[in-house]
Amino acid sequence: MSDTAGGRDWQSHPPYLFADYRSTALRAPTRPLIPIKHCLSEMTGPVYGHEAVAPLDADLTRNARRNGEPLGERIIVTGRVLDEEGRPVRDTLIEVWQANAAGRYVHLTDRHDAPLDPNFLGAGRCVTDEKGRYRFYTIKPGAYPWANHANAWRPLHIHFSLLGPSIAARLVTQMYFPGDPLLAYDPIYLGAPEGARERLVSRFDLAMTEPDFALGYVFDMVLRGRGETPFESRV
Amino acid sequence: MRDLLKQTPSQTVGPYFAYGLTARQYGYPNSQIADGTLADETVSGTRIRILGCVFDGEDAPIPDAMVEIWQADSEGRYAHPADGRGSNTGFRGFGRQGTGTDSRNRFLFDTVKPGPVGGEAAPHINVILFMRGLLSHAYTRIYFADESARNAADPVLASVPAERRATLLAQPDPSMPGLYRWDIRMQGERETVFFDL
Ligand SMILES: [Fe+3]
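Structural notes on the packing of aromatic side chains
All names here are of chain A. Under the definition given, this model contains 21 aromatic pairs over all chains. Seen from their ring centres, Y137 and F213 are 6.0 Å apart, and the 75 degrees between their planes marks the pair as edge-to-face. Of this pair, Y137 sits in strand β5 (residues 133-139) while F213 sits in the loop between β10 (203-204) and β11 (215-218); the two residues are 76 residues apart in sequence, bridging distant segments of the chain. Measuring from centroid to centroid gives 5.7 Å for F204 and Y217, while their planes differ by 65 degrees, and the two rings are edge-to-face.

Written out as structure tokens, the structure is:
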């Protein structure tokens, strides 16, 4: 399958059962997946254009302000969405959600004893432009503890959901930060195969940094190509 | 020949997706792009409701799953440019429901029954499933138990071992016209059929 764009590349994606991530034990499908030959059902998917996005949706430093600025380090997260052949994937709806600078989610069941920020919700969305580019302003998320194992902490991360050109290209993933020492201990990050998981780590880019305002991180994402395009027909 | 770029790995949606992806459903102040209502009264077709639950390997309802559905309209047309016939009804065909707001952790979709899509005999709804503990999402399909003639001619159903096909069939609930029951089981004797797209 390695010379055909379009399949789900299981050398890149995590397996369903990954013992170190305890919640997989009772939730991982146990039987082999049944292959489907792509027809219209798989080659189509929901279409959302720029009309699905309001002006402040991509600015998490402003979209939930009540009485001031959110606390923490302002960052810019930007990058491109490409398909496996390197073509920009335009009009991809990207939804993001994350913890605040203290490592606390707004989510009602997050019991972590860290402060909420009245001026930060941590959710946003945007749509890629004709070059596949996207851009968010946000606050650098904090690490947070979780119950997977003793002294377990999630590395800093931002959750991403992408609605690309088809349901076959659907992607939900997480972006990490370079040099985070917690990556080496995180079974969710380590669930992605070695050689692939590194692609989940954004890179710091001084050129993307806005002077006196926010640090820039670049996170490019690659979605599956179109299954019907044989490799040989491309240059 | 040049190398293909490598796909970005999937990661779990985690336990805290609600205010990011299903905010309105869970009562957060921000908006969401899709919910459990795919069709209102203006959409043509047979109105149906699909009610179900996602069960883990110990048969416990999963309270933090997110179910997405993608379907054709009542004439079997997808609202997508790859479907050259175009959508005749203005029906978008995309729904999204978390399982954390119902007291029994069920999901509910209000929609229309899809028509058969070209090349495939039987009407079906495509399902994408996400949850904490699922590092890569899972794909499955809903077929309709009251379409036995078309189901018998469907090539995808035919590719599924006969004894597992029932996991894909939504069952009409006699207590209410248009209501179908369809549960997802991650494991066990009646584990749902999941597809590799
Ligand atoms: Fe998280």
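Here the narrative resumes.
Here we look at the coordination of the iron ion
Residue and element names in this part refer to chain A. Around the iron ion, the protein supplies Y105 (OH), Y144 (OH), H157 (NE2) and H159 (NE2) as donor atoms, at distances of 1.9 to 2.2 Å. Counting residues between consecutive donors of the iron ion along the chain gives the motif Y-x38-Y-x12-H-x1-H. Residue Y144 is found in strand β6 (residues 144-146), and its partner H157 is found in strand β8 (residues 157-163); the two are separated by 13 residues along the sequence. Residue classification places H157 among the buried residues on the basis of a relative accessible area of 1%.

Regarding the side chain of B:Q97
Residues and elements named next belong to chain B. By the element assignment, Q97 lies in strand β3 (residues 94-98). In terms of polar contacts, Q97 uses its side chain to reach the side chain of Q25, at 3.4 Å. A distance of 3.5 Å separates a polar side-chain atom of Q97 from the backbone nitrogen of L108. Beyond its immediate sequence surroundings of up to four residues, Q97 is in contact with Q25, D35, G36, A65, M66, V67, F107, L108 and F109.

About the thresholds
Residues numbered from 1 in each chain as written. Chains lettered and ligands numbered in written order. Predicted model: local features only at pLDDT ≥ 70, side-chain atom pairs only at ≥ 80, totals over all residues. Heavy atoms only, no water. Phe/Tyr/Trp six-rings, centres within 6.5 Å; stacked < 30°, edge-to-face > 60°. Helix = DSSP H or I, 4+ residues; strand = E, 2+ residues; numbered from the N terminus. Donors = N, O, S within 2.8 Å, 3.2 Å for Na, K, Ca; no water. Buried < 20%, exposed > 50% of the residue type's maximum accessible area, 1.4 Å probe, protein only. Polar contact = N/O pair within 3.5 Å; in protein donor to acceptor, adjacent residues only side chain to side chain. Contact = heavy atoms within 4.5 Å.

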